[in-house]
Amino acid sequence: MDRRDYVPCHMDTLRQSPSPCSSRPSSPRTPPFEMFGPVGIEAVLDQLKIKAMKTGFEFNIMVVGQSGLGKSTMVNTLFKSKVWKSAMPSLEVPTPQTLELHSVSHVIEEKGLKLKLTVTDTPGFGDQINNDKCWDPVLGYINQQYEQYLQEELLITRQRHIPDTRVHCCVYFVPPTGHWLWAGSPPHSDTAAPPPPPALSCPDSLRPLDIEFLRRLCRTVNVVPVIARADSLTIEEREAFRSRIQQNLKTHCIEVYPQKCFDEDINDSILNGKIREQIPFAVVGADQEHLVNGRCVLGRKTKWGIIEVENIAHCEFLLLRDLLIRSHLQDLKDITHNVHYENYRVIRLNESHQLPRGPGWVNLAPASPVQLTSPGCLKVRRRAQKDSKDDEC
Amino acid sequence: MASSDETRLLVSPSHCSSYAAAAGTAFGDPRPSCSHGAPLTSPHSFHMMSKTACISPQVSDCDTQTKKENIRSLTMCGHVGFESLPDQLVDRSIQQGFCFNILCVGETGIGKSTLINTLFNTSFEEHESSHFCPNVRLKAQTYELQESNVRLKLTVVYTVGFGDQINKEESYQPIVDYIDGQFDAYLQEELKIKRSLFSYHDSRIHVCLYFIAPTGHSLRTLDLLTMKSLDSKVNIIPLIAKADTISKTELQKFKVKLMSELVCNGVQIYQFPTDDETTAKINASMNGHLPFAVVGSMDEIKVGNKMVRARQYPWGIVQVENENHCDFVKLREMLICTNMEDLREQTHARHYELYRRCKLEEMGFNDMSPENKPIRIFSLQETYEAKRHEFYGERQRKEEEMKQMFVQRVKEKEAILKEAERELQAKFEHLKRAHQEERMRLEEKRRILEEETVAFAKKKATSEIFQSQSFMASSATVRKEKDRKKEPGYRLELLCFDVRACETNDGRYDADASREGYNTRGQHE
């Protein structure tokens, strides 16, 4: 790292910012200056990278969906390894009678970079006859992770690096029913289908269970919905289904990741806008390899062809992978930490006597009935602001 | 490949498990990586790894260990692409911007501002401070620097008047207070219920450059005391200022003496970190060069065929960036290029945590035993609740007070008004009485007047009768007396006597008088 070989490419003007905190002594504004040459401030980026490589990264992902939608396969495909011992439910184990959550943690390494990956699965979701309140265990789990982090943060003697088990992303698998409810069969041409007449309001493509669950979950965690087993839909069906889902989400005011209100600047808006157009991704999972045109590809082999998982013409798995891992992983973590966790913390510190208690909690005398601040009216991320109320179970 | 013994993560993957608990992790030996900015490889070009390397818990080297811990270290069968993670992190940091806060402690005129100017290659405008400050105070200024795409918010804090007083006992206290104040501000923000830490302008001091005067002998008492009181609160880098006034041999001896004194007195200065392989060697060697002997200058002098920053003396030119002349380049290298991030991390992880711990313990919290874990959060909540109660109580009290005051004032005003009313009443009575009296007097007068009018009328009647009698009696002598009649005074004589008695009432009198004829009219025109 030889700093002397710098080419002074930018001699930007020096701007003085006003001192933000009035309690600190500060002098009044002075006119801007010029830097006469390179100083070496850029090296801090390398320092950051070195530090990051040393500490490693953590990522916690949760997959939610009915059984048989290919969740475990999808996770295996995402991380190109056998995250779960077996994707098929084994014969000895009966399908769970209630919703349970399994977590598995792995450390995966790529090019010297270590990632501690935790995957939480939800077998039994939506499988019962009465699925009322099936979101409670899931929300409880998420909140418990927040609680754990909060307790670690409130310690007097804290650890240097608080282990982060909070769920950064929840992938919600929507079954590919492809419901298409206006008169006539779906068009087979390549032209875009005309939108249904506005008088015919869009019936829901998402089932009530999905809507209820998503509504609650979106306020607590980043949710990325995907259309599972997308190989059972044709391309046109897929597009129509996708747009219906998008409309449903809008109607019910469900904000999935990437949330519009957190777009920081114009670049973000453009980038995220493109992603938002394509949410939910239609994905296919596969962990077996086949030979196609001399190449080895991951795919599903059927009698009528091989569906290549990583072929963008076949399914949108690549988009999902890029979103989750290659481009937005840090953003997912940031939003979880800065927004969802903070919301939880606000509520927790305000309404502690109303939240359900875990084991070993001490019963405090109830606080005064008048609340000072109305909780959950803060979702701040730098410039963007949005009001919403966290719905605790 | 990551081996399984590096992670101590406990997970129970059994089907009846409830929520998984995650304990702390250690990520083993750091491996220096030269990869950054990994391009997004095309999905078809992943490299194959042997599938048999996929470790299942039953078949692994550390069989018992994995069985016990049930963690799986995965080998991936393809390229996933998360080596772009550091870049994502860096991108986010670039967006957020960096901030760095330097505290310069040293006596007036020792060259603090010049050195900062030289370090950052700019001329931050600074006025020379006077030597006559009654006490030490701190002056902070924030600047925004930008180099390619890195934005740095630099705050420089100078001590003004350090070492100028005759009695220097209180010299270091303002500095300690300032540093504590910044920690406290951060702690307050962190303890708030609704906080915004990511957009908080971090003002905690990351490094303290301590300027030691180049006496060549030893550390001064003031310096020693100040450094001792600061060493647990901030990263101290001691510098020998104005190093061009010491010769090379003296400098060496001075450095050795200084370091030994610091060590003897237990002052913990900042040691450049030697745990990372890329920087360990250079940091270790730099540690041996402390304290850095620096020279600062913004003047450019021509040396050879280029312009360098230097100080020109009659006996030679001291070049700032010449390693033989002074340690300026080392300082810049260490401070900015190599260890800026570490300085910030030390400040946050060590000094700030220490302050926080002390402060919270002072406030009465503790988390001694692990069973008390839930108590912690309740302790804080208790404080919040208590504070809330306190505020409410305070507010109630104030409300009561204001009510009382209000009532009091109302009463006073009422009393005043009543008083005024009474006075008015009294006046009114008085006036009324006066008026009554006046009226009675006037009544009296009228009565008198009436009586007199009546008397006058009687007299007039009698005089008329008398007149007519005398008229008829003396009708013969009328002609004779015509002349005399014409004289106005003749008749009047008779009447004047009576008229004068009724002078007061003109109106009535005129009415009567008009009956008399022109005579009286003539008199009373």
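Everything below is about the structure shown above.
Residues numbered from 1 in each chain as written. Chains lettered and ligands numbered in written order. Predicted model: local features only at pLDDT ≥ 70, side-chain atom pairs only at ≥ 80, totals over all residues. Heavy atoms only, no water.

Draft legend 1. Layout of the overall build of chain B. Looking only at helices and strands, one finds 14 helices and 10 strands in chain B. Out of the 525 residues in chain B, the part that is buried amounts to 42%. The long-range share in chain B, meaning contacts at least 24 apart out of those at least 6 apart in sequence, stands at 68%. (Helix = DSSP H or I, 4+ residues; strand = E, 2+ residues; numbered from the N terminus. Buried < 20%, exposed > 50% of the residue type's maximum accessible area, 1.4 Å probe, protein only. Contact = heavy atoms within 4.5 Å.)

Draft legend 2. Region of interest: the overall build of chain A. Looking only at helices and strands, one finds 8 helices and 13 strands in chain A. Looking at chain A as a whole, 54% of its 393 residues are labelled buried. Sequence separation of 24 or more characterises 70% of the internal contacts of chain A that already satisfy a separation of 6 or more. For chain A, the exposed surface amounts to about 17600 Å²; the carbon and sulfur share of it is 57%. (Areas by Shrake-Rupley, 256 points an atom, 1.4 Å probe, with all protein chains shown as cover.)

Draft legend 3. Fine view of the side chain of S105 of chain A. Locating S105 of chain A in the fold gives a position in strand β4 (residues 102-110). A distance of 3.1 Å separates the side chain of S105 of chain A from the side chain of T118 of chain A, its partner in a polar contact. (Polar contact = N/O pair within 3.5 Å; in protein donor to acceptor, adjacent residues only side chain to side chain.)

Draft legend 4. The arrangement of the pattern of salt bridges in detail. All chains considered together, the criterion is met by 45 salt bridges over all chains. Put simply, R195 of chain B and E153 of chain A hold a salt bridge, and the shortest N to O gap is 3.1 Å. A residue pair is termed interchain when its members come from two chains, as with R195 of chain B in the loop between α4 (173-191) and β5 (207-212) and E153 of chain A in helix α3 (residues 135-154). Both residues of the pair, R195 of chain B and E153 of chain A, belong to the buried class. Residues joined in a network through salt bridges with shared partners are K51 and R160 of chain A together with E341, R344 and E345 of chain B. (Salt bridge = Lys/Arg side-chain N within 4 Å of Asp/Glu carboxyl O.)

Draft legend 5. Seen up close, the sheet that holds strand β8 (residues 300-303) of chain B. Residue and element names in this part refer to chain B. Pairing is antiparallel in the open sheet, where 3 strands are placed in the order β8-β9-β10. If you trace the sheet from one side to the other, it starts and ends with β8 and β10 (316-319), each paired once. Within the sheet, the average angular offset between the axes of one strand and its neighbour, ignoring direction, is 65°. Sheet analysis places β8 next to strand β9 (residues 306-313), joined by 4 bridges and oriented antiparallel. Residue pairing for β9: V303 is matched across the bridge by K306. (Pairing = 2+ DSSP bridges. Axes fitted to C-alpha atoms, helices over the stretch in contact; angles between N-to-C directions.)

Draft legend 6. Spatial organisation of helix α2 (residues 85-96) of chain B. Residues and elements named next belong to chain B. Across its 12 residues, α2 extends 17 Å between first and last C-alpha, which sits within 8% of the 16 Å expected from 1.5 Å per residue. Listed as buried for α2 are L85, P86, D87, Q88, L89, V90, S93 and I94. Positive backbone phi, at 90°, marks G97, one or two positions downstream of α2. (Expected span 1.5 Å × (residues − 1).)

Draft legend 7. Spotlight on the sheet that holds strand β10 (residues 295-302) of chain A. Residue and element names in this part refer to chain A. Taking strand neighbours across the sheet as the criterion, the 3 strands line up as β9-β10-β11 in an open arrangement whose pairing is antiparallel. Whereas interior strands pair on both sides, the edge strands pair on one side only; in this sheet they are β9 (289-292) and β11 (305-308). The mean inter-strand angle of the sheet, taken between neighbouring strand axes irrespective of direction, is 65°. In this structure, β10 lies alongside β11, joined through 4 bridges in antiparallel fashion. When the bridges of β11 are listed, K301 appears paired with I306.

Draft legend 8. Seen up close, the nonpolar core. Judged by nonpolar contacts, the single largest core of 92 residues is most densely connected at M62, F79, I142, L217, V224 and L324 of chain A. Counting 90 residues, the second largest nonpolar core, distinct from the first, contains I102, V136, Y178 and I269 of chain B. (Core = buried A, V, L, I, M, F, W, Y, C linked by side-chain atoms within 4.5 Å.)

Draft legend 9. Layout of the packing of helix α1 (residues 43-55) of chain A against α2 of chain B. Between α1 of chain A and α2 of chain B, the least distance of the axes is 10 Å, while the angle of their chain directions is 135°. Considering their axes alone, α1 of chain A and α2 of chain B lie oblique with respect to each other. The handedness of the crossing between α1 of chain A and α2 of chain B comes out as right-handed. Across the interface between the two elements, L45, L48, K49, A52 and M53 of chain A of α1 of chain A pack against P86, D87, L89, V90, S93 and I94 of chain B of α2 of chain B. Of the residues belonging to the contact of α1 of chain A with α2 of chain B, the class tally is 8 nonpolar, 1 polar and 2 charged. (Parallel < 35°, antiparallel > 145°, perpendicular 65-115°, else oblique. Left-handed = near helix turned anticlockwise from the far one by under 90°. Nonpolar A, V, L, I, M, F, W, Y, C, P; charged D, E, K, R; others polar.)

Draft legend 10. Layout of the packing of aromatic side chains. One pass over the structure, following the stated rule, counts 13 aromatic pairs over all chains. Between Y186 of chain B and Y352 of chain B, the ring centres sit 4.9 Å apart and the planes meet at 85°, which makes this aromatic pair edge-to-face. Taken together, the residues span a long stretch of sequence, with Y186 of chain B in helix α4 and Y352 of chain B in helix α9 (residues 340-363) at a distance of 166 residues. A single burial state applies to Y186 of chain B and to Y352 of chain B, both of which are buried. Linked through ring pairs, F183, Y186, Y200, Y352 and Y355 of chain B together constitute an aromatic cluster. Seen from the ring of Y149 of chain A, R166 of chain A lies directly overhead, with NZ or CZ sitting 3.7 Å from the centre. (Phe/Tyr/Trp six-rings, centres within 6.5 Å; stacked < 30°, edge-to-face > 60°. Lys NZ or Arg CZ within 6 Å of the ring centre and 35° of its normal.)

Draft legend 11. View of unusual backbone geometry. Here the bond from Y257 of chain A into P258 of chain A is cis, since omega is -5°, no more than 30 degrees from zero. In this model, L290 of chain B is joined to P291 of chain B through a cis peptide bond whose omega is -10°. Topologically, P291 of chain B is positioned in the loop between α7 (277-287) and β7 (292-293). For R229 of chain A, which is not glycine, the phi torsion reads 50° and is therefore positive. Structurally, the position occupied by R229 of chain A is in the loop between β7 (223-227) and α5 (235-251). Backbone geometry places N121 of chain B, a non-glycine residue, at a positive phi of 60°. Within the fold, N121 of chain B resides in the loop between α3 (112-120) and β3 (137-147). For N121 of chain B, a relative accessible area of 7% puts it in the buried group.

Draft legend 12. Representation of the pairing of β4 of chain A in the model. Residue and element names in this part refer to chain A. Most of β4 sits inside the fold, with 9 of its 9 residues counted as buried. Side-chain alternation along β4 places H102, V104, H106, I108 and E110 on one buried face and S103, S105, V107 and E109 on a second face that is also buried. Note: β4 against strand β5 (residues 113-121), 9 bridges, orientation antiparallel. Residue H106 lies in a different strand from β5, and its bridge partner there is L117.

Draft legend 13. Molecular detail of the packing of α4 of chain B against helix α5 (residues 221-230) of chain B. Residue and element names in this part refer to chain B. The geometry of α4 relative to α5 is characterised by a closest axis approach of 10 Å and an angle of 20° between their N-to-C directions. Here α4 is positioned roughly parallel relative to α5, judged by the angle of their axes. The two elements α4 and α5 meet at a crossing, and its hand is right-handed. Taking contact as the criterion, the partners of I175, V176 and I179 in α4 are, on α5, T226, S229 and L230. Considered class by class, the residues forming the contact of α4 with α5 number 4 nonpolar, 2 polar and no charged.

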